[in-house]
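So the chains spell out like this:
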Amino acid sequence: MYTALRLQRKLKRELRQGTVLITVVDPEPYMTYQPFLPEAAAGSISPRHVVVPLRRVLPQCQVVIGEVTAIDHQERTATIRTLAAEEAGTEDTDVAYDELVLAPGSVSRTLPVPGLADFGIGFKTVEEAIGLRNHVLEQLDIASSTRDPAIRDAALTFVFVGGGYAGVEALAELEDMAGYALRYYHNVTPEDMKWILVEATGKILPEVGPEMGRYAVRELRARNIDVRLDTRLDSCEDRVAVLSDGSRFPTRTLVWTAGVKPHPVLAATGLPLNGHGRLVCTAALQVDGVPHAWSAGDAAAVPDLTAEPPATPDEPPVLCAPNAQHAVRQSKVLAGNIAAAVRGGPILDYAHKYVGSVASLGLHKGVAHVYGRKLKGYPAWFMHRAYHLSRVPTFNRKAKVLAEWILAGLFKREIVSLGSLENPRAEFALAADTGRHNEAS
């Protein structure tokens, strides 16, 4: 989306003349700004402000809602399965291209943990974030309305697996939200809840450095959050989380954020991949040895020109980390290089020195390690919000997010669960099938 947004500005004359066509293919009609997912789950930001509608911000591009299933780069064609083809049962469509940009991002990396596929909840999409918010509030309702201690205990136990950004920020924001919501429940207290963070390594938030990571652990534990380092999830069958340290937690909420992997579509392209499944790219963001093929973001293994060179020629070069900081900046260089390939001009290398990281630990709490400076508490939380507000695309989106933050500071949180949104026809189907609202009597 960022690359297409910049390309439609750089190639404005060619687009007006009809000599260039930019086609954007995506399964969803929007781009999700993932750093805002924890705040959307906590209700600080409306879901519609976490996503950017493609057709609105890319008016000069052809937007196709569908999924690329295969790429034949020798013939310069991409096979696309559209929604219309699925409805009609027709064959996939082949679309020809001159220049190919592959930026499908990443998907959740799961492990063969018994029960995970049946009971695990992901945290990669806005639908998952809002579904998790509704689910957590629903568990409070279940606990409040039962006298069965086993049901109540399972409903109030929340297990998060993965100590990276997604897991820590999601847990911290939702624990904040649930603690606030409990002031409206007469028979459930914050002490009744169990929040458990499971991390297989000995630290959390490695991007902010070891010192800030240790501070984050202390901050979370001070809030009665059970942080378990060097611990794995062995099983979650029958809604019981079994950890490698022998602990067992009956739970109705198990959130899996233990890493990501490149999108599976890359394996169907026939283009060179590295050992981790990412496209092997040059510093100019071209797929190595493949003319007219480009990539950026999580899908691309791009050499980091600002890192120390390998000590020996046999060592692989240091790669840019697969994060938003590099992806957004890569998109600008990529758009410029594609425009140069169309018009004729120099192709530039991507080089950006990593400036640091920020992470939220809930409302008014955070950690940051930026330009060598370490911040914690309110200053880090403020920097986290300011940074991501500056990075979310379009002025329209920035203004709406800022307005929501201001209103959230003036008024109370919304704690209503809209779980029926996930199955909007359930009520009508029940009435039609069972006569629940039978008015013929």
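For every chain, the first residue of the written sequence is number 1, and numbering continues from 1 along that sequence. Only residues with pLDDT of at least 70 are given local features in this predicted model, and only at 80 or more are side-chain atom pairs given and counted; all residues enter the totals for whole chains, interfaces and linings. Only hydrogens and water are set aside; all other atoms, that is, all heavy atoms of the structure, feed into the side-chain values.

Our focus in this paragraph is the overall build of the protein. Only DSSP runs of H or I reaching four residues or more are called helices, and only runs of E reaching two or more are called strands; each is numbered from the N terminus. Looking only at helices and strands, the protein has 14 helices and 23 strands in total. In this treatment the radius of gyration is a C-alpha quantity, and the globule benchmark scales as 2.2 Å times the residue count to the 0.38 power. Its C-alpha atoms give the protein a radius of gyration of 24 Å, within 12% of the compact-globule value 22 Å for 441 residues. Projecting the C-alpha coordinates of the protein onto the three principal axes gives extents of approximately 70 × 70 × 45 Å. Think of it in three bands: residues with accessible area under 20% of the maximum for their type are buried, residues over 50% are exposed, and the middle band is partly exposed, with areas taken using a 1.4 Å probe on protein chains only. Counting over 441 residues, the protein shows a buried share of 46%. The criterion used for residue contact is that any of the two residues' heavy atoms lie within 4.5 Å. A separation threshold of at least 6 residues defines the contact pool for the protein, and within that pool the share at least 24 residues apart is 63%.

Turning to the sheet that holds strand 14 (residues 240–243), a few remarks are in order. Here a strand pair is declared whenever DSSP counts at least two bridges between the two strands. A sheet is described by the order of its strands in space; here three strands give the open sequence 13-14-15, paired in antiparallel fashion. Looking along the sheet, the strands with just one partner apiece sit at the ends: strand 13 (233–235) and strand 15 (248–250). Strand-to-strand twist across the sheet, computed as the mean angle between neighbouring axes with direction ignored, equals 35°. The pairing of strand 14 with strand 15 spans three bridges and is antiparallel. Each residue of the ladder has a partner; that of V242, found in strand 15, is R248. With axes taken as lines fitted to C-alpha atoms, and helix axes fitted only over the stretch in contact, angles between N-to-C directions fall between 0 and 180 degrees.

An order of 1-4-5-6 is seen for the four strands of this open sheet, with the pairing classed as mixed. At either end of the open sheet lies a strand with only one pairing partner, and these are strand 1 (23–26) and strand 6 (93–96). In this sheet, adjacent strand axes meet at a mean angle of 60° when their direction is disregarded.

Moving on to the layout of surface pockets. Think of a 1 Å grid over the protein atoms and nothing else: a 1.4 Å probe that fits but is trapped marks a cavity, an open set flanked by protein within 12 Å on at least five of seven lines marks a pocket, and residues with an atom within 4 Å of a point count as lining. Grid points are joined across faces, edges and corners, and a volume is the space filled by probe spheres set on the points. Within this model, the second largest pocket holds a volume of roughly 1,000 Å³. What lines the second largest pocket is a set of 39 residues, among which G43, S44, I45, S46 and E404 lie closest to the centre. Broken down by secondary-structure element, the contributors of at least two residues to the lining of the second largest pocket are helix 3 (37–42), helix 7 (126–144), helix 12 (378–391) and helix 13 (395–410). Here the lining of the second largest pocket is built from residues that sort into 22 nonpolar, eight polar and nine charged. Following the grouping adopted for this structure description, the nonpolar residues are Ala, Val, Leu, Ile, Met, Phe, Trp, Tyr, Cys and Pro, the charged ones are Asp, Glu, Lys and Arg, and the polar ones are all others, Gly among them.

Time to look at the side chain of S46. Note that S46 resides in the loop between helix 3 and strand 3 (51–53). You can call S46 buried: its relative accessible area is 16%.

This part takes up a nonpolar patch on the surface. Residues enter a patch when their relative accessible area is above 30% and they make no salt bridge; the linking distance is 9 Å between like charges and 5 Å between nonpolar side chains (Val, Leu, Ile, Met, Phe, Trp, Tyr). Under the convention used here, a 1.4 Å probe and the Shrake-Rupley method define accessible areas, while residue burial counts only the protein chains that appear. For this analysis, a salt bridge means a side-chain nitrogen from Lys or Arg found within 4 Å of a carboxyl oxygen belonging to Asp or Glu. Side chains of L402, I406, L407, L410 and F411 sit close together on the surface and give an oily, nonpolar patch of about 530 Å² of accessible area. Looking at the secondary structure, you find L407 in helix 13.

This next bit is on helix 11 (residues 324–343). To estimate the expected span of a helix, subtract one from its residue number and multiply by 1.5 Å. Over its 20 residues, helix 11 runs 29 Å from end to end, which matches the ideal 28 Å to within 8%, given 1.5 Å per residue. Within helix 11, the full set of buried residues consists of Q325, H326, V328, R329, Q330, S331, L334, A335, N337, I338, A339 and A340. Along its buried surface, helix 11 packs onto helix 1 (2–10), strand 7 (100–102), strand 19 (293–295), strand 21 (356–360) and helix 12. Phi turns positive, to about 95°, at G344, one or two residues after helix 11.

Now for the nonpolar core. Put simply, buried Ala, Val, Leu, Ile, Met, Phe, Trp, Tyr and Cys residues joined by side-chain atoms within 4.5 Å make one nonpolar core. The biggest cluster of nonpolar side chains holds 100 residues, and the ones touching the most others in it are L58, L140, F160, W195, L205 and V367. Filtering out sequence-adjacent residues up to four positions away, W195 remains in contact with V136, F158, F160, L171, L174, E175, A178, N224, I225 and D226.

The subject of this paragraph is unusual backbone geometry. Glycine aside, a negative phi is what most residues show, and trans is what most peptide bonds show. The backbone of H364 shows a phi angle near 70°, a positive value even though the residue is not glycine. You can see H364 is positioned in the loop between strand 21 and strand 22 (366–370). Even without glycine at this site, T394 takes up a positive phi of about 75°. Tracing the backbone shows T394 in the loop between helix 12 and helix 13.

Our next topic: the packing of helix 7 against helix 9 (residues 165–181). At a minimum axis separation of 11 Å, helix 7 and helix 9 run at an interaxial angle of 35°. Helix-helix and strand crossings are classified by hand; for helix 7 and helix 9 the assignment is right-handed. Residue-level contacts link L132, R133, V136, L137 and L140 of helix 7 to L174, M177, A178 and A181 of helix 9. Residues that form the contact of helix 7 with helix 9 fall into these classes: eight nonpolar, no polar and one charged. By convention the crossing between two helices is left-handed if the near helix lies anticlockwise of the far one by an angle smaller than a right angle, and right-handed if it lies clockwise.

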